[in-house]
Amino acid sequence: MRNGRLSEDLEEVIMAGHNLREIVSALRQYQRRGVTRQEIQLALEALRDQARDEAMEDRILEVMDIVSGFCSQENTVWDS
């Protein structure tokens, strides 16, 4: 998946106001399609650089924690 498109998709998921469970579900769908943790991290970093406000940046950071594995076991997407 092209990084630009991935960033757009992630922005849509994050800005749609979904709760973390729904975001984790979306991340798991990416993982099943073969998108790597690194690809997601790079896309989130690009998205963070464009964050419109502090609330959006906070949400992106929260998702970055999940992607990195710094989350509860129930929210883990990629194996360490």
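Just above sits the structure.
Anyway, here's the lowdown on the structure attached to this text. Remember, it's a predicted structure, so these values are computed and weren't measured experimentally.

**Some remarks on the nonpolar core**
- Leu10, Leu27, Ile40 and Leu44 are the most contacted members of the largest nonpolar core, which has 22 residues in total.
- The set of elements that each furnish at least two residues to this core consists of helix H1 (3-15), helix H2 (20-32), helix H3 (37-49) and helix H4 (54-68).
- Ranked by the residues each element gives to this core, the list is headed by H4, at six residues.
- Those residues in contact with leucine 44 that lie beyond four places of it in its chain are Leu10, Ile14, Ile60, Val63, Met64 and Val67.

**Digging into the environment of isoleucine 60**
- Tracing the backbone shows isoleucine 60 in helix H4.
- Judged by relative accessible area, which is 0%, isoleucine 60 ranks as buried.
- Placed 46 residues apart in sequence, isoleucine 60 and isoleucine 14 show a C-alpha to C-alpha distance of 7.3 Å.
- Sequence-distant contacts of isoleucine 60, defined by excluding residues within four places in its chain, comprise Ile14, Leu44, Leu47, Arg48 and Ala51.

**As for the packing of H3 against H4**
- H4 packs onto H3 with a crossing angle of 165° between their chain directions and a minimal axis gap of 10 Å. In terms of orientation, H3 and H4 fall into the roughly antiparallel class. Note that H3 runs across H4; the crossing there is left-handed. Judged by residue contacts, Arg37, Ile40, Gln41, Leu44, Glu45, Leu47 and Arg48 of H3 engage Met56, Glu57, Ile60, Leu61, Val63, Met64, Val67 and Ser68 from H4.

**Notes on the environment of isoleucine 23**
- Among the secondary structure elements, isoleucine 23 is positioned in helix H2.
- Take isoleucine 23: its relative accessible area is 2%, and that puts it in the buried class.
- Each C-alpha atom, one on isoleucine 23 and one on asparagine 75, is 9.6 Å from the other, the two residues being 52 residues apart in sequence.

The rules behind these values
- Note on numbering: residues in each chain are counted from 1, in written sequence order.
- Note on the predicted model: pLDDT of at least 70 is required for a residue's local features to be given, and 80 or more for side-chain atom pairs to be given and counted; whole-chain, interface and lining totals, by contrast, use all residues.
- The side-chain values count all of the structure's non-hydrogen atoms but skip hydrogen atoms and water molecules.
- In this description, a nonpolar core means a group of buried Ala, Val, Leu, Ile, Met, Phe, Trp, Tyr and Cys residues linked to one another through side-chain atoms lying within 4.5 Å.
- Categorising residues by exposure relies on relative accessible area from a 1.4 Å probe, with only protein chains included: less than 20% of the type maximum marks a residue as buried, more than 50% marks it as exposed, and the intermediate range marks it as partly exposed.
- Strands are runs of DSSP state E lasting at least two residues, helices are runs of H or I lasting at least four, and both sets are numbered from the N terminus onward.
- Here a residue-residue contact requires only that any non-hydrogen atoms of the pair lie within 4.5 Å.
- What counts as an axis is a line fitted to C-alpha atoms, over the stretch in contact for a helix, and the angles between N-to-C directions run from 0 to 180 degrees.
- Note that the term roughly parallel is reserved for angles under 35 degrees, roughly antiparallel for angles over 145, roughly perpendicular for angles of 65 to 115, and oblique for everything else.
- Handedness of a crossing is defined here by the sense of rotation of the near helix relative to the far one, left-handed for an anticlockwise turn of less than a right angle and right-handed for a clockwise turn.

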